[in-house]
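Observations on the model geometry
Residues per chain are reported as follows:
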Amino acid sequence: MRSRPRSLFLVAGLVSALSLAPARARAAAPPGEVAGEVARDLDPYVTQALATWKVPGAAIAIVKDGRVVLARGFGVRAAGRPERVDEHTSFAIASLSKGFTAAALGLLVEEGRLGWDDPVVRHWPGFAVADPTVTRELTIRDLLAHRSGLGPESDALWSYAGYGREEILARLRFLGQGAGLRASFSYQNVLYLVAGEVLAARSGQRWEEFVATRLLAPLDMCSSSTSGKPLPGSTNVAQPHSDTGDPPEARPIQAEDSTPVSPAAALHSSAADLAHWLLMLLDRGQYAGRRVLQPATVDALFTPQMLIDFEPALKALYPESHFQAYGLGWVVQDYRGRLVVWNTGGLHGMACSTALIPEERLGVVVLTNGPRISLPEALVFRVLDGYLGAGPPAKDWSGLRLKASLARRARLAEAERAAEAARVRGTRPTLSLERYAGVYEQPLLGRVTVSPPARDGRVTLQVARGLVGDLSHWHYDTFRIVWRNPLYGTSLATFALDPNGAPSRLFIEELGDFRREKAGEARTH
């Protein structure tokens, strides 16, 4: 029923009819010529992509053989305004923050303060999930490689319920398993929050301070911030945009608060700053003559730890690849005979991607102020293909991604039409609207409060301290929630009645089952 606002790997795309120069000529060209050729092709490609996707701006940096060969901006920081994006424009980099968190823990491994395979509870005894075996055995490596097997509903703790860090960490004890420990890839932002707590416990510094002093400062990342916001006083800042609405076009939106899971998603940075990060990683931990990480730490970050299901859609997108896995904060994949280490990031209205080919000493980062992760992914792989001499003809990443994105949107629209067709019209709720009002509760997410009808007849629903939605009757005892944050779309909520005809439970799509709290009942969670 509802649009899905967040995902690790969205399939979307852009359009361009441009092609790169023949592979044979590129393979023989000196590196400087290749860099210039890629840059020349990239300019019109990016410009056309932004226009096609109605994304206001982007910033790109490419590093090769120990130097920055391109760092520039495209488009504008905010739709309808003249300020241009440049290489120093600050963007939210979302899940690209995970690589910094993994590297920060690597510094503690280097210093002997912890080991990758140490149990989490050895260093942070407050950690607990529903399964006592997982609580006891989950390791630092498991946290960073997304191999806990924990259920996916954990993200709702901050996205829907609006909890802060302490409440999220406390409620993890109610989070159950979606699979066995180390049985399958299970993406978890909240476990990177746990990684931040381990970091603080062993270093004596909060994640924000440790990353700023031990990574950003040595890398001269002077325009980057760990606070979840751009640096104070900064004016060169990209505004997030949504493409929802009719007609779909870029609309500025409020920045999403990522501070509840800062170690997973709170960094803000620029293309120029991130070029320094890539140079250090490609030089196996050294930057500008300074040792930032040990080579063994960089190797550990880039070593596959957990296979990602290489489903047909991914295989169709990457026919040159045979596997995709997750390392420590990074996706690891074979591509055209090379090992590619990459990642993407997305918050509401911001999307980015970065990739490295260590044996080519090549790195690229793309930052955008639009909502589609596939846009920066496509640009990243366009650059990789340019340096690897793919083609002719050059792979039309833009066309592939656009086709997949439109197909996905069409499937969502068809699902909504099917739900509308299945709706039984002419029904009425079993009870008066006043009777559904009350507090409904579950251990993980806490309380959902359904209000009595207001004077205008509106009934609202609030999830814990977070999202508020307006209810309208759908059919029988099912109601449609229109979330007031339009990026969350709609959900269906169904009330169940007890044998006496009173509401006893509430089931909300994607959030699960909530039991009604009886008058005078003591809270247990």
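Below or above, wherever it landed, is the structure these notes cover. (Residues numbered from 1 in each chain as written. Predicted model: local features only at pLDDT ≥ 70, side-chain atom pairs only at ≥ 80, totals over all residues. Heavy atoms only, no water.)

Under the defined criterion, the tally for this structure stands at 30 salt bridges. Note that Asp 43 is salt-bridged to Arg 72, the shortest N-O span being 2.6 Å. You can see Asp 43 sitting in helix H2 (residues 31–53) and its partner Arg 72 sitting in strand E2 (residues 67–75), a full 29 residues away along the chain. Judged by relative accessible area, Asp 43 falls into the partly exposed class, the value being 29%. The partner of Arg 484 in a salt bridge is Asp 470, and the shortest N-O contact between them spans 2.8 Å. Taken as a pair, Arg 484 in the loop between strand E19 (478–483) and strand E20 (490–497) and Asp 470 in strand E18 (residues 468–475) lie far apart in primary sequence, 14 residues in all. Judged by relative accessible area, which is 19%, Asp 470 ranks as buried. Here the salt bridges share partners, and the residues they tie into one network are Glu 320, Arg 336, Asp 385 and Lys 395. (Salt bridge = Lys/Arg side-chain N within 4 Å of Asp/Glu carboxyl O. Helix = DSSP H or I, 4+ residues; strand = E, 2+ residues; numbered from the N terminus. Buried < 20%, exposed > 50% of the residue type's maximum accessible area, 1.4 Å probe, protein only.)

Here the focus is the packing of helix H3 (residues 97–110) against helix H9 (residues 189–203). When two helices pack together, their arrangement is given by the angle between the helix axes and by the axis-to-axis distance. Taken N-terminus to C-terminus, the directions of H3 and H9 make an angle of 30°; their axes are 10 Å apart at the nearest point. Between H3 and H9, the angle is such that the two are roughly parallel. Viewed along their axes, H3 and H9 form a crossing whose handedness is left-handed. Contacts from Lys 98, Thr 101, Ala 104, Leu 105 and Leu 108 of H3 reach H9 at Asn 189, Tyr 192, Ala 195, Val 198, Leu 199, Arg 202 and Ser 203. When the residues that make up the contact of H3 with H9 are grouped by side-chain class, the tally is 7 nonpolar, 3 polar and 2 charged. (Axes fitted to C-alpha atoms, helices over the stretch in contact; angles between N-to-C directions. Parallel < 35°, antiparallel > 145°, perpendicular 65-115°, else oblique. Left-handed = near helix turned anticlockwise from the far one by under 90°. Contact = heavy atoms within 4.5 Å. Nonpolar A, V, L, I, M, F, W, Y, C, P; charged D, E, K, R; others polar.)

Moving on, we get to the sheet that holds strand E17 (residues 459–463). Taken together, 8 strands build a closed barrel; the order of strands is E15-E16-E17-E18-E19-E20-E21-E22 and the barrel is antiparallel. Mean inter-strand twist for the sheet, computed between neighbouring axes without regard to direction, equals 30°. Bridge count for E20 against strand E21 (residues 503–508) is 5 bridges, and the pairing is antiparallel. By the bridge assignment for E21, Phe 495 is matched with Leu 506. (Pairing = 2+ DSSP bridges.)

Below, the discussion takes up the environment of Asp 65. Relative to the helices and strands, Asp 65 resides in the loop between strand E1 (57–64) and E2. With a relative accessible area of 32%, Asp 65 lands in the partly exposed category. With 29 residues separating them in the primary sequence, Asp 65 and Gly 36 have C-alpha atoms 14 Å apart. Side-chain polar atoms of Asp 65 contact the side chain of Lys 64, separated by 3.1 Å. (Polar contact = N/O pair within 3.5 Å; in protein donor to acceptor, adjacent residues only side chain to side chain.)

Moving on: the pairing of E20. The pairing of E19 with E20 spans 5 bridges and is antiparallel. Its bridge partner being in E20, Val 482 is matched across the sheet by Thr 490. In this structure, the hairpin formed by E19 and E20 is closed by a connection of 6 residues, where Gly 489 is found at a positive phi of approximately 65°. As consecutive antiparallel partners, E20 and E21 are separated by 5 residues, and within that stretch Gly 501 has a phi angle of approximately 85°, a positive value.

Between its first and last C-alpha atoms helix H16 (residues 397–422) spans 37 Å; for 26 residues at 1.5 Å apiece the expected length is 38 Å, and the two agree. Restricting attention to buried positions, one finds in H16 the residues Trp 397, Ser 398, Arg 401, Leu 402 and Ser 405. (Expected span 1.5 Å × (residues − 1).)

The next point concerns the environment of Val 298. Along the chain, the position of Val 298 falls in helix H13 (residues 295–301). Contacts of Val 298, omitting those with residues within four sequence positions, involve Leu 281, Arg 284, Gly 285 and Leu 293.

To continue, consider the packing of aromatic side chains. Summed over the entire model, instances satisfying the criterion amount to 18 aromatic pairs. Taken together, a centroid distance of 5.2 Å and an interplanar angle of 85° make the contact between Tyr 335 and Phe 381 edge-to-face. Separated by 46 residues along the polypeptide, Tyr 335 in strand E11 (residues 331–335) and Phe 381 in helix H15 (residues 374–388) bring together distant segments of the chain. With 5.2 Å between their ring centres and 40° between their planes, Phe 381 and Trp 397 make a pair best called tilted. (Phe/Tyr/Trp six-rings, centres within 6.5 Å; stacked < 30°, edge-to-face > 60°.)

Read these as spatial facts, not as claims about activity.
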